[in-house]
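Coordinate inspection notes
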Amino acid sequence: MQHPDDRSIGRRSFLGAAGAIVAGSALSSSARSYARILGANDRIALGHVGVGNRGTGLHEMVSRLKGTYNVETVAVCDLWKDNRERAAATAERSYGRAPRAFQYLDDLLALKDVDAVVHMAGEPSPRASWDEVQEANIVGCYNVFEAARRANVRKVIFASTN
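These numbers were taken from a predicted model, which means no experiment stands behind them.

Considering the overall build of the chain
A tally of helices and strands in the chain yields seven helices and five strands. Order of helices (α) and strands (β) in the chain, N terminus to C terminus: α-α-β-α-α-β-α-β-α-β-α-β. A buried classification covers 37% of the 162 residues belonging to the chain. Expressed as a percentage of contacts within the chain between residues at least 6 apart in sequence, the contacts between residues at least 24 apart total 76%. For the chain, the exposed surface amounts to about 10,400 Å²; the carbon and sulfur share of it is 52%.

Things to note about unusual backbone geometry
For N70, which is not a glycine, the phi torsion comes out positive at approximately 55°. Structurally, N70 is set in the loop between α4 (66-69) and β2 (71-77). For N70, a relative accessible area of 34% corresponds to the partly exposed category. Within the chain, N152 stands out as a residue other than glycine whose phi angle is a positive 60°. Within the secondary structure layout, N152 lies in the loop between α7 (130-150) and β5 (155-158). For N152, a relative accessible area of 64% gives the class exposed.

A closer look at the side chain of S94
Topologically, S94 is positioned in helix α5 (residues 81-95). Residue S94 is classed as buried on the basis of its relative accessible area of 19%. Excluding residues that lie within four positions of it along the chain, S94 makes contacts with S63 and K66.

Overview of the environment of G52
For G52, the location among the structural elements is in the loop between β1 (44-49) and α3 (53-63). The spacing of G52 and A87 is 35 residues in sequence and 8.4 Å in space, taken between C-alpha atoms.

As for the nonpolar core
One recurring pattern in soluble globular proteins: nonpolar side chains tend to sit buried together. In this structure, A75, L105, L108, L109, V114 and V117 are the most contacted members of the largest nonpolar core, which totals 16 residues. Contributions of two or more residues to this core are made by β1, β2, α6 (105-109) and α7. Ignoring any residue separated from it by four or fewer positions in sequence, one finds L108 in contact with G47, H48, A75, V76, C77, F102, V114 and V117. If you look at the next biggest cluster of nonpolar residues, it comprises twelve residues, including L58, Y69, Y95 and A116.

Re the packing of α3 against α5
Two numbers describe how α3 lies on α5: the axes approach to 11 Å, and their chain directions differ by 10°. One element, α3, and the other, α5, form an angle in the roughly parallel class. On α5, the residues touching N53, T56, H59, E60, V62 and S63 of α3 are R86, A87, T90, A91, S94 and Y95. Grouping the constituent residues of the contact of α3 with α5 by class yields four nonpolar, six polar and two charged.

Here is what the cut-offs are and how they apply
For every chain, the first residue of the written sequence is number 1, and numbering continues from 1 onward in sequence order. In view of the model being predicted, local features appear only for residues whose pLDDT reaches at least 70, and side-chain atom pairs are presented and counted only at 80 or more, with totals across whole chains, interfaces and linings using the full set of residues. Hydrogens and water are ignored here; the side-chain numbers use all heavy atoms of the structure. Helix and strand assignments come from DSSP, with helices taken as H or I runs of at least 4 residues and strands as E runs of at least 2, each series counted from the N terminus. When accessible area is computed with a 1.4 Å probe and restricted to protein chains, residues below 20% of their type maximum are described as buried, those above 50% as exposed, and intermediate ones as partly exposed. When checking whether two residues touch, look at their non-hydrogen atoms; a contact exists if any pair is within 4.5 Å. The accessible surface values rely on the Shrake-Rupley method and a 1.4 Å probe; as for residues, cover is taken only from the protein chains in view. We define a nonpolar core as any set of buried Ala, Val, Leu, Ile, Met, Phe, Trp, Tyr and Cys residues linked to one another through side-chain atoms lying within 4.5 Å. Note on geometry: axes are C-alpha line fits, over the in-contact stretch for helices, and angles between N-to-C directions span 0 to 180 degrees. Orientation categories follow fixed angle ranges, with anything under 35 degrees roughly parallel, anything over 145 roughly antiparallel, 65 to 115 roughly perpendicular, and all other angles oblique. Ten residues, namely Ala, Val, Leu, Ile, Met, Phe, Trp, Tyr, Cys and Pro, are considered nonpolar, four, namely Asp, Glu, Lys and Arg, are considered charged, and the remaining ones, Gly among them, are considered polar.

Structure, rendered in structure tokens:
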């Protein structure tokens, strides 16, 4: 049992809370401000990149926002076919229609109806070598942001565990 004065939290609790805060703050606004935004009643179309194990958890959290914030995953992207197929099936159950599935990020970013990219790809292992972390988490993340910039996708929601 945790002492009431002990304010430390576990990694999983922190990540869960941080993910909820990031998602909520990225997508929240008052109804009054929505009325002032052109096209405010339109759905927010998300392209989800990196839908492996950790990306699947984030993907499912985002799907719970569909009623409150009118979001929908319209495309998924992962190098691995099994991850793409699983994410597409999950999104179809959540939204009632299957998103487009892509192996390569540039193909997802070529879509004109993607409002934001949700990025959760990388090396999650705390035992990973520096070379693995640098390539997957630092260089890979930079590449996602740069590709989104080139494709005029103005929003990237990024979460990381490492």
